[in-house]
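Architecture and fold: a report
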Amino acid sequence: MSVVALVPAAGRGVRLGAGVPKALVPVAGESLLSRAVRGLHDSGRVRHVVVAAPADEVPAVEAELASLRSFVHVVPGGAERTDSVRLALAEAERVVPDARVVLVHDAARAFTPPSVVRDVVRAVEEGAPAVVPVLPVADTIKQVDEAGDVETTVDRSRLRTVQTPQGFAIDVLRQAYAAAGDIATDDAGLVERIGGKVSTVPGHPHALKITTAFDLAIAEAVLA
Ligand code: CTP
Ligand code: MG
């Protein structure tokens, strides 16, 4: 089955505060975006990638990915992540019209091991309409009231944190986005809203999302 991946990379990286869009921030000489795209490539399961870049950074992003030119298409992203994914999906359907599986993978999860990509693709190929990589929750979770006082300790045994790439039968993601009017940070959440089943595979600690300078320092330490 032909697999296409969408990489939303059009965010500004305000919380990281690096002065350039987060996707272009280098770690040990290679940008987060380049690392994320390379992980998809190295999985051996992705035919093509469509990157949504900040609208004013398309040439810079194309230059950044020059070594993967035949594998990648760059389109201008939108104001919200949802818009960027929607724009990338439209381009993917044009570039790879026979794609049956689509992955959505944040540029900010630059260190996701290729094995996670393969596990997500395999689960969709085996029939899951939507698949997310997840990790168990390590911390104790408390629910608090508006004053910050604890109401209850939540049973965490069935809680999971969600990573990317998230994988979909392409028709399912298309339907979910057609039905979605508003903003979503989680593509699988849009599938849930149209009543679709979402399955899980094990995620990986290295698939952490780089949000702050602290996260970047952790990633640098892992690489070193
Ligand atoms: N993203 C996007 N288009 C947007 C906003 C975000 O493609 N309009 C992408 C980001 O580039 C990132 C992913 O969605 O790869 C997750 O978003 P986030 O971690 O919030 O990144 P930023 O929006 O860049 O960071 P911040 O919110 O701190 O500005
Ligand atoms: Mg953001």
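Note that the coordinates shown come from a computational prediction; the quantities given were computed from them, not determined experimentally.

Helix and strand counts for the protein chain come out as seven helices and 12 strands. In summary, the protein chain has a C-alpha radius of gyration of 17 Å against a globular reference of 17 Å for 224 residues, a match within 12%. Expressed as lengths along the three principal axes of its C-alpha atoms, the size of the protein chain is roughly 55 × 40 × 30 Å. Going through the 224 residues of the protein chain one by one, you find that 41% of them count as buried.

Taken together, the neighbourhood of ligand 1 is formed by 22 residues, with Pro-8, Ala-10, Gly-11, Arg-15 and Ser-84 sitting nearest. In terms of residue class, the shell around ligand 1 is built from nine nonpolar, six polar and seven charged.

Below, the discussion takes up the pairing of strand β1 (residues 3-8). Counting buried residues along β1, six of its six residues qualify, which places the element largely inside the surrounding structure. Burial of the side chains of β1 extends over both faces: Val-3, Ala-5 and Val-7 are buried on one face and Val-4, Leu-6 and Pro-8 on the other. Two elements, β1 and strand β6 (residues 101-104), share four bridges in a ladder whose sense is parallel. Residue Val-4 lies in a different strand from β6, and its bridge partner there is Val-102.

Quick look at the nonpolar core now. Across soluble globular proteins, nonpolar side chains show a tendency to be buried alongside one another. Among the nonpolar cores identified, the biggest contains 62 residues, and Leu-6, Val-7, Ala-9, Leu-33, Val-51 and Val-102 are the most heavily contacted of them. Not counting residues within four places of it along the chain, the set of residues in contact with Val-51 comprises Val-7, Ala-9, Leu-33, Val-37, Val-61, Leu-65, Val-72 and Val-74.

This paragraph deals with the UniProt feature "site: Positions MEP for the nucleophilic attack" in the protein chain. When the UniProt feature table is mapped onto this chain, "site: Positions MEP for the nucleophilic attack" is found at Arg-156 and Lys-209. Mapped onto the elements, Arg-156 comes out in the loop between β9 (150-154) and β10 (160-162). In contact with Arg-156, not counting residues within four places along its chain, are Val-137, Thr-140 and Ile-141. Locating Lys-209 in the fold gives a position in the loop between β12 (199-202) and α7 (213-223).

In the numbering used here, UniProt assigns the feature "site: Transition state stabilizer" to Arg-15 and Lys-22. Structurally, Arg-15 is set in the loop between β1 and β2 (26-27). What makes Arg-15 exposed here is the crowd of 12 C-beta atoms within 10 Å. Not counting chain neighbours up to four residues away, the residues in contact with Arg-15 comprise Thr-211 and Thr-212.

Moving on, we get to the confidence of the model for the protein chain. With 100% of its residues at a pLDDT of at least 70, the protein chain reaches an overall mean of 95. If you check the scores for this complex, the pTM reads 0.97 and the ipTM reads 0.99.

Okay, unusual backbone geometry next. A cis geometry characterises the amide bond from Thr-164 onward to Pro-165, with omega recorded as 10°. Topologically, Pro-165 is positioned in the loop between β10 and β11 (166-169). Phi at Ala-28 is positive, roughly 45°, even though this residue is not glycine. With respect to the helices and strands, Ala-28 occurs in the loop between β2 and β3 (30-31). Owing to 9 C-beta atoms within 10 Å, Ala-28 belongs among the exposed residues under this scheme.

Rules of the game
- Residues numbered from 1 in each chain as written.
- Chains lettered and ligands numbered in written order.
- Predicted model: local features only at pLDDT ≥ 70, side-chain atom pairs only at ≥ 80, totals over all residues.
- Helix = DSSP H or I, 4+ residues; strand = E, 2+ residues; numbered from the N terminus.
- Rg over C-alpha atoms; globule rule 2.2 N^0.38 Å.
- Buried ≥ 20, exposed ≤ 12 C-beta atoms within 10 Å, placed from the backbone.
- Near = placed C-beta within 6 Å.
- Nonpolar A, V, L, I, M, F, W, Y, C, P; charged D, E, K, R; others polar.
- Pairing = 2+ DSSP bridges.
- Core = buried A, V, L, I, M, F, W, Y, C linked by C-beta atoms within 7 Å.
- Contact = placed C-beta atoms within 7 Å.
- UniProt positions renumbered as here; feature names shortened; annotations may be inferred.
- pLDDT = per-residue confidence, 0-100.

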